[in-house]
Each structure stands twice: as structure tokens, then as C-alpha cells.
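Chain and residue survey
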Amino acid sequence: MEQAVAELDAAEGDLRIAELARRLGMSLRGLQSRFLAAVGMTPKEYARVCRLQALLHTLDGEATSIASAAARHGYSDQAHATHDLVRWTGVTPTRLVHALRGDRGSDDALRLAAAFVRGSSGGSFL
């Protein structure tokens, strides 16, 4: 499962799970069950977290729109990226971008980061 995690990390989550299973010489169902047991989430969930992490790094490090960053990281549209951002952080993209680009020492920025880490099954994906 370490290889599966490494491949998803290297692809920033932009890798079909069926393709990952094929690369590893496993059945899709076998990969899903073993990955869940080893990592604590399904490969698809982990890929979504990786992709969201890449999106957050882009939004944090570049002056780009959410739509442009979403397209770069394989989201079908801005609404899809917005859904994932709200699901994992609990805040809207606008608030998140303001916190990322604003005062990094503010309570709001720390709260957002903590919420994301708590939402990621206990592991830090940032």
C-alpha cells in the first residue's frame, strides 16, 4: 500500500483508481479493501485529499483564481473544487483564500488549517 500512496501523492491525486490497481497488478476491489485497511480511507478519498492539497498549495502560493487552480488540478469545474473545499475544510473558497493570503498568524487561518487536518482522518496532508 506504500506504493499506492506514493503513486497517488506523485500524481497529486489525479490518477484513476482502476489505473492505479492495474499498475500495482491488483484487482480494483482488492486495492480498495487493502488500502482502506492500511490508510483508513478509500483510495478515491485519499486521491481527493491529495488533489485538494495541491489546490490549496496553488491557492496559497500563487495569485490565481479558484477556477484556474481547479482546472489545473483536474477538477471538472470550480463548483467541483468548491464542493471538496467545503467538505474538507468547512469553509467557502473565498474565506479560505482570504485566510491563506492574509495574515498567517490570524486565528482564522489557524482554525482553517486545523479543521482540514482533523477532517483528513488524523493524518496531516498539508
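Residues numbered from 1 in each chain as written. Predicted model: local features only at pLDDT ≥ 70, side-chain atom pairs only at ≥ 80, totals over all residues. Heavy atoms only, no water.

Here's the deal with the nonpolar core
Ranked by size, the top nonpolar core spans 29 residues in total, and within it Leu-8, Leu-31, Phe-35, Tyr-46, Leu-52 and Leu-55 carry the most contacts. At the level of secondary structure, the elements contributing two or more residues to this core comprise helix H1 (2-10), helix H2 (17-24), helix H3 (28-39), helix H4 (43-61), helix H5 (66-72), helix H6 (78-89) and helix H7 (93-101). Non-local contacts of Leu-8, meaning those with residues more than four positions away in its chain, are made with Gly-13, Leu-15, Ile-17, Leu-20, Phe-35, Pro-43, Tyr-46, Ala-47 and Cys-50. (Core = buried A, V, L, I, M, F, W, Y, C linked by side-chain atoms within 4.5 Å. Buried < 20%, exposed > 50% of the residue type's maximum accessible area, 1.4 Å probe, protein only. Helix = DSSP H or I, 4+ residues; strand = E, 2+ residues; numbered from the N terminus. Contact = heavy atoms within 4.5 Å.)

Some words on the pattern of salt bridges
The tally for this structure, following the rule as stated, stands at five salt bridges. Between Glu-7 and Arg-23 there is a salt bridge whose closest N-O contact spans 2.9 Å. Taken together, the residues Glu-7 in helix H1 and Arg-23 in helix H2 connect sequence positions 16 residues apart. Residue Glu-7 is classed as buried on the basis of its relative accessible area of 15%. You can call Arg-23 partly exposed: its relative accessible area is 45%. One salt bridge connects Arg-72 with Glu-62, and the closest N-O pair in it is separated by 2.7 Å. (Salt bridge = Lys/Arg side-chain N within 4 Å of Asp/Glu carboxyl O.)

Considerations on the packing of H1 against H4
It is the contact of H1 with H4, at a shortest axis distance of 9 Å, that shows an interaxial angle of 35°. As H1 runs across H4, the sense of the crossing is right-handed. Each of Val-5, Leu-8 and Asp-9 in H1 lies in contact with H4, whose residues at this interface are Pro-43, Tyr-46, Ala-47 and Cys-50. (Axes fitted to C-alpha atoms, helices over the stretch in contact; angles between N-to-C directions. Left-handed = near helix turned anticlockwise from the far one by under 90°.)

Comments concerning the confidence of the model for the protein
Scored by pLDDT, the protein has a mean of 82; 79% of the residues are at 70 or more. The element-level mean pLDDT for the protein is lowest in helix H8 (residues 107-118), coming to 54, with H2 highest at 97. Counting interchain partners and residues more than four positions distant, the pLDDT-below-50 stretch residues 120-126 has 19 contacts. (pLDDT = per-residue confidence, 0-100.)

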